[in-house]
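Results of the structural survey
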Amino acid sequence: MKILLISANPLTEPYPVYPLGLDYLAYAVSPRHTTRVADINVAGNTEALLHEARHFAPDIIGLSLRNVDNTDITSAQGFIEIYQRLIHALKSEFDIPVLVGGSGFTLFPSSMMRTLQADYGLIGEGERLEHFLDALENKEDVSHVPGVVTRNTTPEIPPPWNKGIRRLFDSQAHHVPFYLNKGGMLNLQSKRGCPFQCTYCTYPHIEGHNLRLIPPDKVAETARQLQEAGASYLYITDSVFNADYEHSAQVAREFIKAGLKIPWGAFFSPTPPPTGYFELMAEAGLKHVEFGTDSLSDRILANYGKPFRSQQVFRAHEAANAANLYTAHYLLLGGPGEDAASLEDTLDELDKLDRTVLFFYCGIRIYPNTLLYHWALEEGQIAPQQDLLPPTFYQSPYIHSSDIVTRVREKSRGRSNWMISTGGEETAQILSRMYEKGYTGPLWEYLLR
């Protein structure tokens, strides 16, 4: 069979994200099939993508739906209509099965099956695609394949994939140069799963609660492969890179051993690290530390289910700064219990974080299968059968999100290192111009103060 895998993610702000998931799908598909990756961002528009599909003449089309919206309350943008139009165009052109999957689809499988009118869906990790193809080819009932849903079946998240996490990266694939030319960033994983219990987070639902660690030497081997393909920066896409300090430290050692020369970044929990941890990371090429801090009010951190408190944030920050790393903190304001006092606690304490960039998100997207969803339900903010596919945000009963945005904007005057969300269209245009001049990576360090 000829399988066309399409990255349908249209989000390019603050920078385009390489479709890593499709590399894992490409490995999972047997070599007896022919697989090709297409990318809506590379094609530029639907007609160009259709032209590429006609040339390939697939037997089945799989769409990876990474995002359902931009999760930004200040300028909420949903992508479902974009996906809808794309699938309609594909089904009008080809009389073949259309399968949808990806993290975005896994969050809203029933609603998206109804809305998108795809033939099949695949929830959870995509490595089960091979089993779906076998069933389809043998004319068996595909609904018996774990994770597969149709318009008439009830979605049930399958157990986490336990047969090894393996990736097929093709440096010659036609979509790779687009990402090399738009910031030079490629990405990789060192683990899947998330052991934390953050009240709003979807990672445990999508990847499971238990960590599945990729052998550090294999992570380094992939990193070296990406470097040799021309990447000038790597981003590790783990939910939290330091969720296992020993494993992440061993990954760093393997980077050094493999001779990795390009810088990289990752998302970290601001918990106090072991002695020398960030120095080792810096030696291995770590450049950007992105802390998922959320708040500096201990009361709100407890409501968020965070495994740290504000004093630990400061210690983690100091450790990263001492290793001469660039740091950023992501603040998620307006969650359960947020009020004027807790907001001021956070804004006042932020002055203690020196040499950093602060990204503010003033409102929390409500997703099913999270504790936040149940709280919103109990508070009457959402109805039991409400479709949450349109961007829907939690509102603290004690302070409105618009008031939070206003207060953050007031406090941020004269502070170029305070960014509401990702900075908007103006920031995206600045990044685009810098990439055209040869700059690489996320570039937020140029905002440091």
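Everything below is about the structure printed above this text.
Residues numbered from 1 in each chain as written. Predicted model: local features only at pLDDT ≥ 70, side-chain atom pairs only at ≥ 80, totals over all residues. Heavy atoms only, no water.

Side note on the packing of aromatic side chains
Put simply, the rule reads: Two aromatic rings from Phe, Tyr or Trp, using only the six-membered ring of Trp, form a pair when their centres are within 6.5 Å; if the ring planes differ by under 30 degrees the pair is stacked, by over 60 it is edge-to-face, and anything between is tilted. Buried means the residue's accessible area, taken with a 1.4 Å probe over protein chains only, is under 20% of the maximum for its type, while exposed means over 50%, and partly exposed covers the values in between.
Evaluated as defined, the whole model comprises 17 aromatic pairs. Relative to Phe-278, the ring of Tyr-277 lies with its centre 5.3 Å away and its plane at 70°, an arrangement referred to as edge-to-face. A relative accessible area of 4% places Tyr-277 in the buried class. The exposure class of Phe-278 is buried, given its relative accessible area of 2%. With centroids separated by 4.9 Å and ring planes inclined at 15°, the aromatic side chains of Tyr-330 and Phe-359 adopt a geometry described as stacked.

Section: the packing of helix H4 (residues 80-93) against helix H6 (residues 109-116)
What counts is decided by this rule: For every element, the axis is a line fit to its C-alpha atoms; helices are fit only across the contacting stretch, and the angle between N-to-C directions ranges from 0 to 180 degrees. Put simply, DSSP H or I for four residues or longer makes a helix, DSSP E for two residues or longer makes a strand, and each gets a number counted from the N terminus. Working rule for angles: under 35 degrees goes down as roughly parallel, over 145 as roughly antiparallel, 65 to 115 as roughly perpendicular, anything else as oblique. Definitions for this section: a left-handed crossing has its near helix turned counterclockwise from the far helix by less than a right angle. A right-handed crossing has that turn clockwise. Note on contacts: a residue pair qualifies if any of its non-hydrogen atoms lie within 4.5 Å across the two residues. Only Asp, Glu, Lys and Arg are considered charged in this grouping, and only Ala, Val, Leu, Ile, Met, Phe, Trp, Tyr, Cys and Pro are considered nonpolar; every other residue, Gly among them, is considered polar.
Where H4 contacts H6, the axes come no closer than 10 Å and their chain directions differ by 50°. It follows that H4 is oblique to H6 by the angle criterion. As H4 runs across H6, the sense of the crossing is right-handed. Only Met-112, Thr-115 and Leu-116 of H6 make contact with H4, whose side of the interface consists of Ile-80, Tyr-83, Gln-84 and Ile-87. Looking at the contact of H4 with H6, its residues break down into five nonpolar, two polar and no charged.

With respect to the pairing of strand E10 (residues 233-236)
Note the following rule: The pairing criterion is simple: DSSP has to find at least two bridges between the two strands. The handedness rule is simple: strands pointing away from the viewer, and a clockwise path from the first strand over the helix to the second, make the crossover right-handed.
Along E10, one buried face is formed by Tyr-233 and Tyr-235 and the opposite face, lined by Leu-234 and Ile-236, is buried too. Where strand E7 (residues 185-188) meets E10, four bridges bridge the pair, whose relative direction is parallel. Bridged to Leu-188 within E10 is Ile-236. Taken together, the three bridges between E10 and strand E11 (residues 264-268) define a ladder with parallel strand orientation. Counted as the bridge partner of Leu-234 is Trp-264 from E11. Of the crossover connections in this fold, the one passing from E10 over helix H11 (residues 245-258) to the parallel E11 is right-handed.

Digging into helix H16 (residues 371-378)
Let me state the cut-off plainly: By arc we mean the arc of the directions from the helix axis to the C-beta atoms, nothing more.
Listing the buried residues of H16 in full gives Leu-372, Tyr-373 and Ala-376. Buried residues in H16, looked at end-on, bunch into an arc of 105°, giving them a common side. Lining the buried residues of H16 we find strand E15 (364-365) and strand E16 (393-394). In the segment just after H16, Gly-380 is the residue with positive phi, at about 80°.

Concerning the layout of surface pockets
Our working definition: Cavities and pockets were defined on a 1 Å grid built over protein atoms only: a cavity is a set of grid points that admits a 1.4 Å probe from which the probe cannot escape, a pocket is an open set flanked by protein on both sides within 12 Å along at least five of seven lines, and lining residues are those with an atom within 4 Å of any such point. Grid points are joined across faces, edges and corners, and a volume is the space filled by probe spheres set on the points.
Empty space within the second largest pocket amounts to approximately 490 Å³. Forming the boundary of the second largest pocket are 20 residues, of which Leu-107, Phe-108, Pro-109, Ser-110 and Pro-368 lie nearest the centre. When residues of the lining of the second largest pocket are traced back to their parent elements, those giving at least two are helix H5 (103-107) and H6. In terms of residue count, H6 provides more of the lining of the second largest pocket than any other element does, four residues in total.

Topic: the pattern of salt bridges
Condition: The term salt bridge refers to a pairing of a side-chain nitrogen on Lys or Arg with a carboxyl oxygen on Asp or Glu at a separation within 4 Å.
With the rule as written, the count across this model stands at 24 salt bridges. Asp-348 serves as the salt-bridge partner of Lys-411, at 3.5 Å between the closest nitrogen and oxygen. Of this pair, Lys-411 sits in helix H17 (residues 401-412) while Asp-348 sits in helix H15 (residues 340-349); the two residues are 63 residues apart in sequence, bridging distant segments of the chain. Each of Glu-125, Glu-127, Arg-192 and Arg-212 takes part in salt bridges that share partners, so that together they form one network.

Describing the sheet that holds strand E1 (residues 2-7)
Pairing is mixed in the open sheet, where six strands are placed in the order E2-E1-E3-E4-E5-E6. A single partner strand is all that each edge strand has here, and the edge strands are strand E2 (34-39) and strand E6 (148-149).

A word on the nonpolar core
Note the threshold: The definition of a nonpolar core used throughout is a set of buried Ala, Val, Leu, Ile, Met, Phe, Trp, Tyr and Cys residues joined through side-chain atoms within 4.5 Å.
Ranked by internal contacts, the top residues of the largest apolar core, which has 60 residues, are Ile-61, Leu-63, Leu-65 and Met-112. With six residues, the top contributor of residues to this core is H4. Not counting residues up to four positions away in its chain, the partners in contact with Met-112 are Leu-65, Val-68, Ile-80, Tyr-83, Gly-104, Phe-105, Gln-117 and Leu-389. Counting residues in each nonpolar core, the second largest holds 42 residues, with Ile-214, Ala-223, Leu-234 and Leu-260 among its members.

Let's talk about the sheet that holds strand E12 (residues 286-294)
Strand order in the open sheet formed by seven strands is E7-E10-E11-E12-E13-E14-E17, with parallel pairing between adjacent strands. If you trace the sheet from one side to the other, it starts and ends with E7 and strand E17 (418-420), each paired once. On average, each strand axis in the sheet is inclined to that of its neighbour by 20°, with strand direction left out of account.

Describing the side chain of Asn-187
Under the convention used in this document: What qualifies as a polar contact is a pair of N or O atoms within 3.5 Å, subject to a donor-acceptor requirement within protein and to the restriction that residues adjacent in sequence count only when both atoms come from side chains.
Within the element layout of this structure, Asn-187 appears in strand E7. Here the side chain of Asn-187 touches Tyr-18 through a polar contact of 3.3 Å, landing on its backbone oxygen. Apart from residues lying up to four places away in sequence, Asn-187 is in contact with Val-17, Tyr-18, Leu-20, Arg-167, Leu-226, Tyr-235 and Thr-237.

Things to note about the environment of Phe-94
Examined against the element boundaries, Phe-94 turns out to sit in the loop between H4 and strand E4 (98-101). On the basis of relative accessible area, Phe-94 is assigned to the buried category, the value being 13%. For the pair Phe-94 and Ala-53, spaced 41 residues apart in sequence, the C-alpha separation works out to 9.2 Å. Aside from chain neighbours lying at most four places away, what touches Phe-94 is Leu-50, Ala-53, Arg-54, Pro-58 and Ile-61.

In short, the description is geometric, and any link to function would need to be established separately.
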